[in-house]
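What follows is the residue order along each chain.
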Amino acid sequence: MKKLFSVLAVLFVIGTANLFAVGLGAQGGCSVGDSFSPNGAITFKVDSLPCVFAVDANFGDVTTLGVSADWWIANPKIEGTWGYYYGIGVAGSFTSVKDSTNIALGGRALIGTNVFLLDNFIELYLQGAWQPMFRIGNDSKLFNAFPINLGFRIWF
């Protein structure tokens with residue numbers, strides 16, 4: 001019985017230990033550059049990794065589904081819980097316009113500012129990126145996108 005209690009106690013401690021935090025959120029914004037495109041995205045970040053992942057979509061005249069992964073090179077503090085970040089990343093998208101379907105792949109260079117509120121439970125941020133992409137498909141070409149997003153993450 002003592003062994004069973006000991007095993008349950010160890011499992012309880014491991015299960016309740018906060019080894020890492022996960023941030024889930026949403027962002028909205030637009031992409032300017034070769035075309036103007038409003039979008040919305042779901043974001044995901046683990047505090048132990050410097051990467052932020054996003055899945056975005058636009059269902060207007062142009063249907064676009066995209067993914068991105070950004071590696072934050074640095075996230076220094078400005079004051080208190082307010083900081084800024086910059087980094088690089090990769091992005092991909094699938095776009096369908098009338099009779100044209102394209103896949104685009106490219107890189108990202110980003111900069112943003114973030115603030116944590118309510119004892120680091122909510123993160124608010126504003127970011128911009130330069131996103132050169134190569135479009136493959138009916139309309140193959142190199143193009144530049146400049147997504148600007150405002151968003152939040154809730155940390156668990």
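Residues numbered from 1 in each chain as written. Predicted model: local features only at pLDDT ≥ 70, side-chain atom pairs only at ≥ 80, totals over all residues. Heavy atoms only, no water.

*Asks:* Lay out the pattern of salt bridges with the relevant residues and their values.
*Replies:* On inspection of all chains with the given rule, the structure shows two salt bridges. Two residues, Asp 70 and Arg 108, come together in a salt bridge whose shortest N-O distance is 2.7 Å. With Asp 70 in strand S4 (residues 63-74) and Arg 108 in strand S7 (residues 100-117), this residue pair connects regions lying 38 residues apart in the sequence. The pair formed by Asp 70 and Arg 108 is uniform in burial state, with each residue classed as buried. A salt bridge links Arg 153 to Glu 123; the shortest N-O distance between them is 3.0 Å. With a gap of 30 residues between them, Arg 153 in strand S9 (residues 141-155) and Glu 123 in strand S8 (residues 122-137) connect regions that are remote in the sequence. Each of the two residues, Arg 153 as well as Glu 123, counts as buried. (Salt bridge = Lys/Arg side-chain N within 4 Å of Asp/Glu carboxyl O. Helix = DSSP H or I, 4+ residues; strand = E, 2+ residues; numbered from the N terminus. Buried < 20%, exposed > 50% of the residue type's maximum accessible area, 1.4 Å probe, protein only.)

*Asks:* Now, about the environment of Thr 95: what can you tell me, with residues and values included?
*Replies:* As for its placement among the helices and strands, Thr 95 is situated in strand S6 (residues 82-97). Residue classification places Thr 95 among the buried residues on the basis of a relative accessible area of 18%. Sequence-wise, Thr 95 and Gly 66 are 29 residues apart; in three dimensions their C-alpha atoms are separated by 8.5 Å. Every residue in contact with Thr 95, bar those within four places of it in the chain, is listed here: Val 62, Thr 63, Thr 64, Ser 100, Thr 101 and Asn 102. (Contact = heavy atoms within 4.5 Å.)

*Asks:* Go over the side chain of Arg 153 with me, naming the residues and quoting the values.
*Replies:* Overall, Arg 153 belongs to the buried group, its relative accessible area being 1%. Within the structure, the side chain of Arg 153 is placed 3.3 Å from the side chain of Thr 43, a separation counted as a polar contact. Non-local contacts of Arg 153, meaning those with residues more than four positions away in its chain, are made with Gly 23, Leu 24, Gly 25, Thr 43, Lys 45, Val 52, Trp 72, Phe 121, Ile 122, Glu 123 and Tyr 125. (Polar contact = N/O pair within 3.5 Å; in protein donor to acceptor, adjacent residues only side chain to side chain.)

*Asks:* Which residues make up the nonpolar core, and what values do they have?
*Replies:* In terms of nonpolar packing, the biggest core is built from six residues, these being Val 52, Trp 72, Tyr 85, Leu 110, Tyr 125 and Ala 129. In terms of nonpolar packing, the next biggest core, distinct from the first, is built from five residues, Ala 91, Ala 104, Met 133 and Ala 145 among them. (Core = buried A, V, L, I, M, F, W, Y, C linked by side-chain atoms within 4.5 Å.)

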